[in-house]
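# Descriptive analysis of the structure
Next come the chains, spelled out residue by residue.
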Amino acid sequence: MFVPHALLVFILVPLLSASAAYNVTYDTRSLIIDGHRKLLISAAIHYPRSVPAMWPGLVQLAKEGGVDAIETYVFWNGHELSPDIYYFGGRYDLVKFCKIVQQAGMYLILRIGPFVAAEWNFGGVPVWLHYVPGTVFRTDNEPFKYHMKKFTTLIVNMMKKERLFASQGGPIILAQVENEYGFYESAYGEGGKRYAQWAANMAVSQNTGVPWIMCQQFDPPPTVIDTCNSFYCDHFKPISPNKPKFWTENWPGWFKTFGASDPHRPPEDVAFSVARFFQKGGSLQNYYMYHGGTNFGRTSGGPFITTSYDYDAPIDEYGLARCPKWGHLKDLHRSIKLCERALLNGQPTFLSLGPSQEADVYEESSGACVAFISNMDDINGKTVVFRNTSLYLPAWSVSILPDCKNVVFNTAKVGAQTSTVEMIPTELLASTASANKGLKGVQWQVFKERAGIWDTADFTKNGLVDHINTTKDTTDYLWYTTSLLVHGTEEFLTSGKSPMLIVESKGHAMHVFINQKLQVSASGNGTVPSFKFTTPISLKAGKNEIALLSMTVGLQNAGAFYEWVGAGPTSVRIVGMRNGTMDLSTNTWRYKIGLQGEHLRIYDRDDLNSANWVSTSSAPPKQQPLTWYKALVDPPPGKEPVGLDMIHMGKGLAWLNGNEIGRYWPIKASINEKCVQKCDYRGKFMPNKCNTGCGEPTQRWYHVPRSWFKPSGNTLVIFEEKGGDPTQIRFSKRKVSSVCAHISQDHPLSEDMIESLQKGETGYPYKKKASVSLNLKCPVSTQISDVKFASFGDPVGNCGAYAVGECHDPNSVSMVQKACLNRNECQVELSGENFDIELCPNLVKKLAVEAVCS
């Protein structure tokens, strides 16, 4: 049956008055909307990776960043929970999300897929579909095509009903079918080719009135537009010369996996890739991701993708602008938009200016002219001559000249502010309900799981079964339990030496219990999910119970025939016994799916006096495996975003008021990984180029949306697998503590130049009305309370570690204080009215400032 999204949506979000339908077509240069070519900058924000209370702010922050469109996948397995049983509430209220985009006056790109990859569990396809007899994913397979078409049609009809396609006056200007199929099509042979053609025809037959795209499709049917996904797409060309050049995924960062370091992509390189794309004739570019968000609950894929999906995106996981990346790209977008008309309508001319330097010039018959001049040398800056003018190009950079004369932006020169963001710890606050009962501090209750079969076994079988085929992903957990009879210690090969357990597993992680005691934990990783380990074990004379808790950490989300990738142990042996190796793999094993606490659903019950829970008279047990913890807490004060600090816990799951925070696992990245103190933006980026966090936990904090908190009496539930200290659990508030900016007198972007170009003024070069300015802005409801550093001259260092150089105006601090103190934002001109510009003649001077926000 179909369950419509809640009536509450219509109460909170009134239906917009019907807008006039508009026509969306395309030619070789761009999308054409109502007869006008459009240059579009898009931002990926996935609705279930945040919460409805965050959506308006995220969309607005993207719009403020110079973005025209929001892009999202549609997450099939979040909507069709079982065949014909649908859910469109909460984080999955797709219609509400689309209408928020519409209310913001922005376009929407809807990537229906419905296979999405996206580091999302099972690539977005429902796990139940794998168990429909005869189904093979993503090929010419009738069961798969039937369900794919049914869901695609459902989504299209839902959008039509709400009049959300552009052809109905809505925001949706593009739709996508399939996703990066070109990488895997050949593995499916002729069936893959037939499937790609079928998918395109099925999509186009939906009659949405907007074009359809297929990203990374190397043999696209003529009815769709093929697009590029990569770190760089300047050299991409669509297969057909009649199609425009679109970039559906520009990766401004990268995802994280548990146990690995933290990847970062510098803003200079992101800006370089975008400028190069538009320089080479691109007309639509989408950041994947612009806001990554959170893989709440068990939605992360991989396997081993972290609960955080921050992605080093321009808007961070918690919804704050990541500066300077957000601001630098905003400046870039504004500069590119000045060039829109000539880029889309002018005649392009290519000019070689050196071995790695080139210009692309677009001129209209009206005389309008824009130029993008790039230096692809990844080591040295170069001076080039363009139209009888010398221009200096830093290494690996692009300069934008909206009039073919004046540089308004260079990708390597960052003038946008940098924000210092901190996680401020706060003690867990005991609920006022507990305080009213005379209880002091947070009161923990516990529920202890039994290792192994905690009730009647679900089934018994000789041999080891596949984990995923058994659980069907209804839980991360599967117990494998067998017994071993030891007649006496004389059975051990060497007196006093423990026998060794050897386990091989397809993945993903495991805890081994012998006679109810945890012996060892092991796991694969994001590169190799399978693992093998050897560990000494303690056996006793008599019957020994061996219980393996096998765990998944997100299911495979991409690859040819990925749905057949399994998990769980494949071999269990004991060596060091007198009668040789004991192979337990073919033993009789008893199986239990999931945890007892999961079956009891103790994580979403508010009653602290439930019979399942035991109150702790003093401190809760520490370093105890297989333990559920529960407490009533109040929210941390303030309005800042909140993270749950789990640095002192082991591995498990967390909930607040029944909402799934997700998997936590503060496993550390290897100290031997390659990490950098400072990233060199020059040269092509790869995910391991600019990593940080070697030897540190991959993820310490776990996002808890503010909207999940009640004013008091919030139920925090933790399931700890291997042992931790719950008394050290903290909430932390994510706060911008200071802002910095560093700008030089010769910085290309000046407000008067931009304003003049936007007004279409002529008479270049400009007679400047003002000097270059440094801009600072604190978060909403905060002000600049202190100026920690200010120097006009040749300051050195970076944000948080600025220092005065050899040239310094002693009035710098007082001047900045006068302009900025007790203000939310301020602007300081690098002018003679404010600073001694005659200081240090022949030196291009800079202004560096660090200010405190409170």
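Here, residues in each chain are numbered from 1, in the same order as that chain's written sequence. In keeping with the model being predicted, local features are shown solely for residues with a pLDDT of at least 70 and side-chain atom pairs are shown and tallied solely at 80 or more, while totals for entire chains, interfaces and linings include all residues. Just so you know, side-chain values use all the structure's heavy atoms and leave hydrogens and water out.

### Some points on the overall build of the protein chain
Short version of the rule: Strands are runs of DSSP state E lasting at least 2 residues, helices are runs of H or I lasting at least 4, and numbering of each runs from the N terminus. For the radius of gyration, the atom set is restricted to C-alpha positions; the globular benchmark scales as 2.2 Å times the number of residues to the power 0.38. Only protein chains enter the accessibility calculation, which uses a 1.4 Å probe. A residue is then buried if its area is under 20% of the maximum for its type, exposed if over 50%, and partly exposed in between. Two residues form a contact once any of their heavy atoms are found within 4.5 Å. Using a 1.4 Å probe, accessible areas were evaluated by the Shrake-Rupley method; residue-level cover was limited to the displayed protein chains. Two residue types count as positive, namely Lys and Arg, and two as negative, namely Asp and Glu; His and chain ends fall outside the count. Think of each charge as sitting on NZ of Lys, CZ of Arg, CG of Asp or CD of Glu.
For the protein chain, the helix and strand inventory stands at 15 helices and 45 strands. In terms of overall dimensions, the protein chain is globule-like: its C-alpha atoms have a radius of gyration of 30 Å, near the 29 Å expected for 854 residues. Dimensions of the protein chain along its principal axes, counting C-alpha atoms only, are 95 × 65 × 60 Å. Burial statistics for the protein chain: of 854 residues in total, 59% are counted as buried. For the protein chain, contacts bridging at least 24 residues in sequence account for 75% of all contacts bridging at least 6. Total accessible area on the protein chain stands at roughly 33100 Å², and carbon and sulfur atoms take up 51% of it. When the 83 positive and 79 negative side-chain charges of the protein chain are each reduced to one mean point, those points stand 3 Å apart.

### Re the state of the cysteines
How we decide: The rule for a disulfide is simple: a pair of cysteine sulfur atoms within 2.5 Å.
Tallied over the entire structure, the rule returns eight disulfides. With its sulfur 2.1 Å from that of its partner, Cys740 forms a disulfide with Cys799. Its torsion about the S-S bond being 65°, the disulfide of Cys740 and Cys799 is classed as right-handed. With Cys740 in strand S41 (residues 730-744) and Cys799 in the loop between strand S43 (784-793) and helix H15 (812-820), the pair connects residues that are 59 residues apart, well separated along the chain. You can call Cys740 buried: its relative accessible area is 0%. Disulfide pairing places Cys778 opposite Cys853 at an S-S distance of 2.0 Å. Across the S-S bond of Cys778 and Cys853 the torsion is about -80°, and the bridge reads as left-handed. Of this pair, Cys778 sits in the loop between strand S42 (773-777) and S43 while Cys853 sits in strand S45 (residues 846-853), placing them 75 residues apart in sequence. No disulfide involves Cys323; its nearest neighbouring cysteine sulfur is the one of Cys853, lying 10 Å away. Exposure remark for Cys323: the relative accessible area of 14% places this residue in the buried category. Here Cys339 is not disulfide-linked; the sulfur of Cys404 is the nearest cysteine sulfur, at 8.7 Å.

### As for the nonpolar core
So the rule is basically this: Among buried residues, those of type Ala, Val, Leu, Ile, Met, Phe, Trp, Tyr and Cys that are joined through side-chain atoms within 4.5 Å constitute a nonpolar core.
Formed by 180 residues in total, the largest nonpolar core has its most connected members in Ile70, Met159, Ile173, Leu332, Trp628, Leu644 and Ile718. With eight residues, helix H6 (residues 142-161) is the largest single contributor of residues to this core.

### Quick notes on the sheet that holds strand S33 (residues 588-593)
Applied cut-off: Paired strands are those between which DSSP finds at least two bridges. Angles here are taken between N-to-C directions and fall from 0 to 180 degrees, while the axes themselves are lines fitted to C-alpha atoms, restricted in helices to the stretch in contact.
Taken in spatial order, the six strands of this open sheet run S24-S33-S25-S30-S27-S28, and their pairing is antiparallel. One side of each edge strand has no neighbouring strand; the edge strands of this open sheet are strand S24 (459-462) and strand S28 (517-523). Each strand of the sheet is rotated relative to its neighbour by a mean of 25°, with strand direction disregarded. The pairing of strand S27 (residues 509-514) with S28 spans six bridges and is antiparallel. Bridging from a neighbouring strand, Ala509 pairs with Ser523 of S28.

### Structural notes on the packing of H6 against helix H7 (residues 189-204)
How we decide: Angle categories are assigned with fixed cut-offs, so that under 35 degrees is roughly parallel, over 145 is roughly antiparallel, 65 to 115 is roughly perpendicular, and the rest are oblique. By definition, any crossing whose near helix is turned counterclockwise from its far helix by less than a right angle is left-handed, and any crossing with a clockwise turn is right-handed. Three residue categories are used. Nonpolar comprises Ala, Val, Leu, Ile, Met, Phe, Trp, Tyr, Cys and Pro, charged comprises Asp, Glu, Lys and Arg, and polar comprises the others, including Gly.
Relative to each other, H6 and H7 sit at 25°, their axes nearing to 11 Å. The orientation of H6 relative to H7 falls into the category roughly parallel. In terms of crossing hand, the pair formed by H6 and H7 is right-handed. Counting all contacts with H6, which are made through Phe144, Lys145, Met148, Lys149 and Thr152, the residues of H7 involved are Tyr195, Trp198, Ala199 and Met202. Considered class by class, the residues forming the contact of H6 with H7 number six nonpolar, one polar and two charged.

### Describing the packing of aromatic side chains
So the rule is basically this: Each Phe, Tyr or Trp ring (for Trp, its six-membered ring) is paired with any other whose centre lies within 6.5 Å, and the angle between the two planes then decides the class: stacked below 30 degrees, edge-to-face above 60, tilted in between. By definition here, charges over rings are those cases where NZ of Lys or CZ of Arg is within 6 Å of the ring centre and within 35 degrees of the ring normal.
Applying the stated criterion across every chain yields a total of 51 aromatic pairs. When the ring of Phe277 is compared with that of Phe278, the centres are 5.4 Å apart and the planes differ by 70°; the resulting orientation is edge-to-face. No difference in accessibility class separates Phe277 from Phe278, as the two residues are buried. Pairing Tyr603 with Trp655 gives two aromatic rings, centres 4.6 Å apart and planes at 5°, and the pair type is stacked. Residue Tyr603 is found in the loop between helix H13 (596-600) and strand S34 (614-615), and its partner Trp655 is found in strand S37 (residues 652-656); the two are separated by 52 residues along the sequence. Of the two residues, Tyr603 and Trp655, both sit in the buried class. Positioned over the ring face of Phe115 is Arg138, at 3.6 Å from the centre of the ring.

### Concerning H6
Threshold: To estimate the expected span of a helix, subtract one from its residue number and multiply by 1.5 Å. Distance and chemistry together define a polar contact, namely a pair of N or O atoms within 3.5 Å, with one atom able to donate a hydrogen and the other to accept it when in protein, and with adjacent residues in sequence counting only for side-chain atoms on both sides.
Over its 20 residues, H6 runs 28 Å from end to end, which matches the ideal 28 Å to within 8%, given 1.5 Å per residue. Restricting attention to buried positions, one finds in H6 the residues Phe144, Lys145, His147, Met148, Phe151, Thr152, Leu154, Ile155, Val156, Met158 and Met159. Of the residues that open H6, the one with a side-chain oxygen 3.0 Å from the backbone nitrogen of Phe144 is Asn141. In the stretch just after H6, Arg163 is the one whose phi turns positive, near 55°.

### A look at the packing of helix H4 (residues 94-103) against H6
Axis separation between H4 and H6 bottoms out at 11 Å; the angle between their running directions is 45°. By the angle between their axes, H4 is oblique relative to H6. Between H4 and H6 lies a crossing whose hand is right-handed. For the pair H4 and H6, the contacting residues are Leu94, Val95 and Cys98 in the first and Ile155, Met158 and Met159 in the second.

### Here's the deal with the pattern of salt bridges
The following threshold applies: A pairing counts as a salt bridge when a side-chain nitrogen of Lys or Arg comes within 4 Å of a carboxyl oxygen of Asp or Glu.
Applying the stated criterion across every chain, the model contains 40 salt bridges. Put simply, Lys145 and Asp140 hold a salt bridge, and the shortest N to O gap is 2.6 Å. If you follow the salt bridges from partner to partner, you end up with Asp234, Arg276, Lys280, Glu358 and Asp360 in one network.

### Observations regarding the sheet that holds strand S14 (residues 347-352)
Read from one edge of the open sheet, five strands run S14-S15-S16-S19-S20, paired in antiparallel fashion. This sheet does not close on itself; its edge strands, each paired only once, are S14 and strand S20 (409-410). In terms of strand pairing, strand S16 (residues 369-375) meets strand S19 (residues 397-401) through five bridges, oriented antiparallel. For Ser374, the partnering residue across the bridge sits in S19 and is Val398.

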